[in-house]
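A closer look at the structure
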Amino acid sequence: ATTEIYTLSLHDALPIYRLLLLGVLAAHAAAVPVTLNQDDGAALTAHFVQEVNDVAWTWTAGENARFKGLTLGEVKTLMGALPETKETKPDFRPAEEYDDVKVPVAFDARTAWPECKMIGHIRDQATCGSCWAFGGVEAMSDRVCIASNGTAQVELSTEDMLSCCGFSCGSGCNGGYPSAAWRFFKKHGLTTEDKYPYAFPPCEHHINATHYKPCGPSKPTPKCDKAAIKGEKYHGKSVYSVMPSAIELEIMKHGPVEAAFTVYQDFLTYKSGVYQHMKGPELGGHAIKIFGWGEEGGHKYWLVANSWNEDWGDNGTFKILRGEDHCGIESGVVAGLVSTKPV
């Protein structure tokens, strides 16, 4: 018998080699899981809302139009409270300052000082990570009115704070330090909203019930308008941190305070009840105004004004667990005394 030996030339072997190589690469790709960028995921979906409601027992989630259509990455750009350091954090206010104050079970600054209508006013930071400025300026405006016994009904300018504070406050729409906002108020003062209005109009994702334009990621910080800040301004007199055990006392004696806390994805869905983090990744730091407290269903809460317009949450406000430094909300409270007349 004759044995025939077949040999392949290099030209004939190349196609076979390519097929074998492609097969090896395909098998390797199938064995390695595909990792997607978490920031590309939707910030708000009906499925995620249902997942939250399945596990949340103290609060109710819903599809807030504010974040519908945005990615988690875009929402992160709106989380503008930079973490305070030992260098930026002011000294605590002495405990003896509150000796004459007794804390009730519930308190609401809106009803405690009904003559100061701005306490209940909900603003909108819109497409800018300026929460650090909003939480401060809102509390400052309230305190001017309270200290004046209602004679100084002012809405201080957030734009003045955002655009004119500069690097000493942080990075404008890319975030800032709440304590720096109060230092700026003390040193430079603020004009009023009617003289220097906020640059960005209110926004949210368009649905049938909305009257605002769609939101998006944070935009660049507007340039300070030197002409708008000329003239008399309201000033702060002091800047201090508030001990967690004295937050209620501070609010009752001088008015709302600014605080910062860590936001997780499920917070975007808040509708009612006492918020506790249940699901979703961390998105960043967010500054707000605390103006009261109470109890609901046996759970103690802080009463808080947000800066995401009145269509978000409970008419722009929310309740969050009190007394446990939940999401860090009690560890970074800042405030200050204020002047009641512009100079």
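What counts and what doesn't
Residues numbered from 1 in each chain as written. Predicted model: local features only at pLDDT ≥ 70, side-chain atom pairs only at ≥ 80, totals over all residues. Heavy atoms only, no water. Core = buried A, V, L, I, M, F, W, Y, C linked by side-chain atoms within 4.5 Å. Buried < 20%, exposed > 50% of the residue type's maximum accessible area, 1.4 Å probe, protein only. Helix = DSSP H or I, 4+ residues; strand = E, 2+ residues; numbered from the N terminus. Contact = heavy atoms within 4.5 Å. Polar contact = N/O pair within 3.5 Å; in protein donor to acceptor, adjacent residues only side chain to side chain. Salt bridge = Lys/Arg side-chain N within 4 Å of Asp/Glu carboxyl O. pLDDT = per-residue confidence, 0-100. Phe/Tyr/Trp six-rings, centres within 6.5 Å; stacked < 30°, edge-to-face > 60°. Lys NZ or Arg CZ within 6 Å of the ring centre and 35° of its normal.

1. Let's talk about the nonpolar core
Ranked by internal contacts, the top residues of the largest apolar core, which has 94 residues, are M161, F261, I290 and F318. In terms of residue count, helix α5 (residues 131-147) provides more of this core than any other element does, nine residues in total. Residues within four places of M161 in sequence aside, it is in contact with W132, A133, V137, M140, C169, A181, F184, F185 and L190.

2. As for the environment of N306
Here N306 shows up in the loop between β7 (299-305) and β8 (317-321). A C-alpha to C-alpha distance of 7.7 Å links N306 and R123, two positions 183 residues apart in sequence. With residues up to four places along the chain from it excluded, the contact list for N306 reads I122, R123, F267, H286, I288, W312, G316 and F318. Among the polar contacts listed, one links the side chain of N306 to the side chain of H286, at a separation of 2.7 Å.

3. Describing the side chain of S339
Positionally, S339 belongs in the segment after β9 (334-335). Among the polar contacts made by the side chain of S339, one reaches the main-chain carbonyl oxygen of H235 at a distance of 2.8 Å. The residues contacting S339, other than those within four sequence positions of it, are V144, Y234, H235 and K237.

4. Overview of the pattern of salt bridges
This model, assessed by the stated rule, comprises 14 salt bridges. Between R123 and E193 there is a salt bridge, with the nearest N and O atoms lying 4.0 Å from each other. With R123 in the loop between α4 (109-112) and α5 and E193 in the loop between α7 (178-187) and β3 (240-241), this pair connects stretches of sequence that are 70 residues apart. An identical accessibility class is assigned to R123 and E193; each is buried. One connected set of salt bridges, linked through shared partners, spans R93, E97, R143 and E250.

5. A few points about the confidence of the model for the protein
With 87% of its residues at a pLDDT of 70 or more, the protein has an overall mean of 89. Segment residues 29-35 is flagged for pLDDT under 50; beyond a separation of four residues in sequence, or across chains, it makes zero contacts in the model. Across residues 205-209, where pLDDT falls below 50, the model places eleven contacts with residues more than four positions away in sequence or in other chains.

6. Thoughts on the packing of aromatic side chains
A complete count under the given rule lists 18 aromatic pairs for this structure. Summarising the aromatic geometry, the rings of F267 and W312 are spaced 5.2 Å apart at their centres and angled 45° between planes, so their arrangement reads as tilted. Here F267 is found in the loop between β4 (257-264) and β5 (270-275), whereas its partner W312 is found in the loop between β7 and β8, with 45 residues between them in sequence. Consider the rings of W293 and W302, whose centres lie 6.5 Å apart with planes at 80°: the pair is edge-to-face. As far as burial versus exposure is concerned, W293 and W302 are alike and both buried. Taken together, the ring pairs in this structure connect W59, F67, F261, F267, Y270, Y275, W308, W312 and F318 into an aromatic cluster. Taking NZ or CZ as reference, K319 lies 4.9 Å from the ring centre of Y301, over its face. Here the basic side chain of R322 rests over the ring of W302, its NZ or CZ set 5.7 Å away from the ring centre.

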